[in-house]
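Each chain is listed here by its residues.
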Amino acid sequence: MNVINCTYWAFDSRGEKMKVVIAADAFKDCLSSDEVNEAVRESIFKIDPEVEVVTAGISDGALDGLDVLKRWGREIEEIPFKTTDLMGRPVDAPYLTTNYKKAPLAIIATASTAGKHRILPSPGSFIRATSFGLGTQIRDALGRGAKRILILTGETGVSDGGLGLLQALGVNFYDEEGHLIGRDKNLLATNFKEVRNLESVVQQFNHVEIMIATNTDRPYAGYRGAQRTWGMDKGGTKKQIEVFDKRMDGFFMTVIKELNLDLRDVAGLGVDGGIGGALAVLGGQIVPTGDIMANLVGLPQKLEDADLFITGTGKISHHPQTPHVINQVLDLATKMSVPAVAICGQVDNSMRHYPNEKVAVFSIQRRPSSLRRSMETRYAIVNIKIVTRNIIRLMNMARAEK
Ligand SMILES: Nc1ncnc2c1ncn2[C@@H]1O[C@H](COP(=O)(O)OP(=O)(O)OP(=O)(O)O)[C@@H](O)[C@H]1O
Ligand SMILES: O=C(O)[C@H](O)CO
């Protein structure tokens, strides 16, 4: 029988140093991505300080995504920017710039202006909240020469079909009497009758690539659309939701007429109260958040020659139509032939059907306890360390047997 000792793991059979890549998402409401990475790293080093450990951050979130990219992205610059939030109040809403595939890229989180954390959702906020601030960020980024714009979506309190952002970019909306509608409103609450300037605003984006990072597959309007999916969470009444949905549908009919562009069935455009739809009118395309995040933090390069990939998230699940960031980075590791492990606070039942057999998923729980207890920072860190230790030991044993 082979004796297992701590030197086995640092070097492979050819005497080469082992390389482990760690890139965890946050455990929401429990630990940041950095804290999870650190717990895993410490646990590995305790077993074997010789192992080469390479870290990166990933995120499913919007504001959290900006933070992760600021920390882990290459040559990222933060652009300070003052604008107005979804209620028209002043807000500091910085965005990021970098170079991506040889072109200047701006990275903007919708939640930096339209975040749900800025309101207490109510029917009153529902009829006021506008995406105008996002439009001002996009305009600023264009002015700075951005040729690509990445929009990190999610966590918004806005339901204006993205019309506010179009208004900020120069699209004009008129009421029944032919009066120009002002900027301090959710345009869906105004029963606008006419839209002007759409084509000339769209033309400004002819040579700009807009990427809408999202994992949702909800379309813009209709039965599965933005209003019916998230309207209530954002404070909308049944009546408001119905009316807004109808007006969004009407707007997309205008787009068909004016631009000969039918986006009604495109999955994902309902994201953030329909902001996805407005961005698609400008030429935006949906991109999987995990893929673009991984590229921006250099994960594919880090995974080259790696012997193991460890990631994590608060709760892992399997939604084949709408895979989450965690599943996307696990698939990336598999594509690169790197064995992959996910360490999670909870493993959703849907994971029973997870098709990627090159991935091992572990819950960090040691014994039955309340969710509250499981999510206590120190307890969770200890649990992550213990499960990491067991994973590494298992790998040690497997290698020693060879
Ligand atoms: N230490 C923990 N132990 C058990 N469960 C945890 C722990 N940390 C987080 N969770 C669970 O994970 C959930 C969050 O999941 P995750 O971190 O994957 O973010 P998310 O996918 O953005 O969340 P959401 O479910 O809101 O989309 C929390 O609501 C909680 O139920
Ligand atoms: O902000 C929202 O509308 C939801 O998070 C879905 O995008």
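The name that an unreviewed UniProt entry assigns to the chain is Glycerate kinase, with the source organism given as Pediococcus acidilactici DSM 20284. The heading Sequence similarities (unreviewed entry) in the UniProt record of the chain holds the text "Belongs to the glycerate kinase type-1 family."

J.: Quick rundown of the domain arrangement of the chain? Include the residues and the values.
T.: With domains assigned, the chain is organised as domain 1 (19-56 + 298-401) and domain 2 (62-290). The centre of domain 1, based on its C-alpha atoms, is set 33 Å off from the matching centre of domain 2. If you look at the interface, domain 1 gives 17 residues, while domain 2 gives 11 residues. Carbon and sulfur atoms supply 52% of the area buried between domain 1 and domain 2, which totals about 910 Å² over both sides.

J.: Go over the site of ligand 2, please, and point to the residues and values.
T.: Neighbouring ligand 2 are G154, E155, T156, W230, K234, V271, D272 and G273. Within the contact set of ligand 2, an oxygen atom lies 3.2 Å away from a backbone nitrogen or oxygen of E155. Interatomic distance of 2.5 Å between a side-chain N/O atom of K234 and an oxygen atom of ligand 2. Out of a free accessible area of 230 Å², ligand 2 has 85% covered by protein chains. More than half of the atoms of ligand 2 fall within 2 Å of the grid points belonging to the largest pocket. Considering every element that reaches the shell around ligand 2, the biggest residue donor is helix α10 (residues 271-281), with 3 residues. Here the residues of the shell around ligand 2 are counted per class, giving 2 nonpolar, 3 polar and 3 charged.

J.: Hey, could you go over the pattern of salt bridges for me, with residue numbers and the actual values?
T.: Throughout the structure, instances matching the rule amount to 15 salt bridges. A network of salt bridges, in which partner residues are shared, links D85, R89 and R118.

J.: Give me helix α5 (residues 132-143): which residues, what numbers.
T.: For α5, which comprises 12 residues, the first-to-last C-alpha distance of 17 Å matches the rise-based estimate of 16 Å (1.5 Å per residue) to within 8%. Within α5 the residues assigned to the buried category are F132, G133, L134, G135, T136, Q137, I138 and A141. Positive backbone phi, at 95°, marks G145, one or two positions downstream of α5.

J.: Mind laying out helix α1 (residues 33-47), listing which residues take part and the relevant values?
T.: The end-to-end C-alpha distance of α1, which contains 15 residues, comes to 22 Å, matching closely the 21 Å that a straight helix rising 1.5 Å per residue would cover. The set of residues buried in α1 consists of S33, V36, N37, A39, V40, S43, I44 and I47. Buried residues of α1, seen end-on, are gathered within an arc of 160° and therefore sit on one face of the element.

J.: Account for the pairing of strand β7 (residues 103-109), naming residues and giving values.
T.: For β7, a buried count of 6 out of 7 residues is recorded, marking the element as mostly surrounded by other parts of the structure. In textbook terms, the turn of a hairpin is the stretch between consecutive antiparallel strands, and for strand β6 (residues 95-100) and β7 this stretch comprises 2 residues, one of which, K101, has a positive phi near 50°. Here 5 bridges tie β7 to strand β8 (residues 148-152), and the two strands are oriented parallel to one another. Of the residues in β8, the one forming a bridge with A109 is L152.

J.: Tell me what's going on with the environment of D175, and back it up with residues and numbers.
T.: Among the secondary structure elements, D175 is positioned in the loop between β9 (172-174) and β10 (194-196). Among the residues examined, D175 registers a relative accessible area of 22% and is labelled partly exposed. Sequence separation between D175 and N191 is 16 residues, and the spatial gap between their C-alpha atoms is 6.8 Å. Once you skip the residues sitting within four places of it in the chain, D175 turns out to touch I181 and K193.

J.: Account for the site of ligand 1, with residues named and values stated.
T.: Of all residues adjacent to ligand 1, which total 15 residues, the nearest are K28, T313, G314, Q346 and S374. Here a nitrogen atom of ligand 1 and a side-chain polar atom of Q346 are 3.0 Å apart. Taking 630 Å² as the accessible area of ligand 1 by itself, protein coverage stands at 73%. Most atoms of ligand 1, that is more than half of them, are within 2 Å of grid points of the largest pocket. Looking at the shell around ligand 1, the elements that each hand over two or more residues are β13 (308-316), β14 (340-347) and α14 (371-374). Class assignment for the residues of the shell around ligand 1 results in 7 nonpolar, 6 polar and 2 charged.

J.: Help me get a handle on the layout of surface pockets, residues and values and all.
T.: Here the largest pocket is characterised by a volume of approximately 1400 Å³. Of all the secondary structure elements, the ones that give two or more residues to the lining of the largest pocket are α2 (63-72), α10, β13, β14 and α14. Among the elements that line the lining of the largest pocket, the one with the most residues is β13, at 3 residues. Taken together, the residues that form the lining of the largest pocket break down as 15 nonpolar, 19 polar and 11 charged. For the lining of the largest pocket, the two domains that each supply at least three residues are domain 1 (19-56 + 298-401) and domain 2 (62-290). The wall of the second largest pocket is formed by N191, F192, K193, E194, V195, K246, R247, G250, F251, T254, K257 and E258. Listing elements by their share of the lining of the second largest pocket, those giving two or more residues are β10 and α9 (238-259). The leading source of residues in the lining of the second largest pocket is α9, at 7 residues.

Criteria and cut-off values
Residues numbered from 1 in each chain as written. Chains lettered and ligands numbered in written order. Predicted model: local features only at pLDDT ≥ 70, side-chain atom pairs only at ≥ 80, totals over all residues. Heavy atoms only, no water. UniProt positions renumbered as here; feature names shortened; annotations may be inferred. Domains from an automatic or database assignment. Contact = heavy atoms within 4.5 Å. Buried area = accessible area lost by both parts, 1.4 Å probe. Near = heavy atom within 4 Å. Polar contact = N/O pair within 3.5 Å; in protein donor to acceptor, adjacent residues only side chain to side chain. Areas by Shrake-Rupley, 256 points an atom, 1.4 Å probe, with all protein chains shown as cover. 1 Å grid on protein atoms, 1.4 Å probe; cavity = no way out; pocket = protein on both sides within 12 Å on 5 of 7 lines; lining within 4 Å. Sits in = over half its atoms within 2 Å of the grid points. Helix = DSSP H or I, 4+ residues; strand = E, 2+ residues; numbered from the N terminus. Nonpolar A, V, L, I, M, F, W, Y, C, P; charged D, E, K, R; others polar. Salt bridge = Lys/Arg side-chain N within 4 Å of Asp/Glu carboxyl O. Expected span 1.5 Å × (residues − 1). Buried < 20%, exposed > 50% of the residue type's maximum accessible area, 1.4 Å probe, protein only. Arc of directions from axis to C-beta. Pairing = 2+ DSSP bridges. Points joined across faces, edges and corners; volume = space filled by probe spheres on them.

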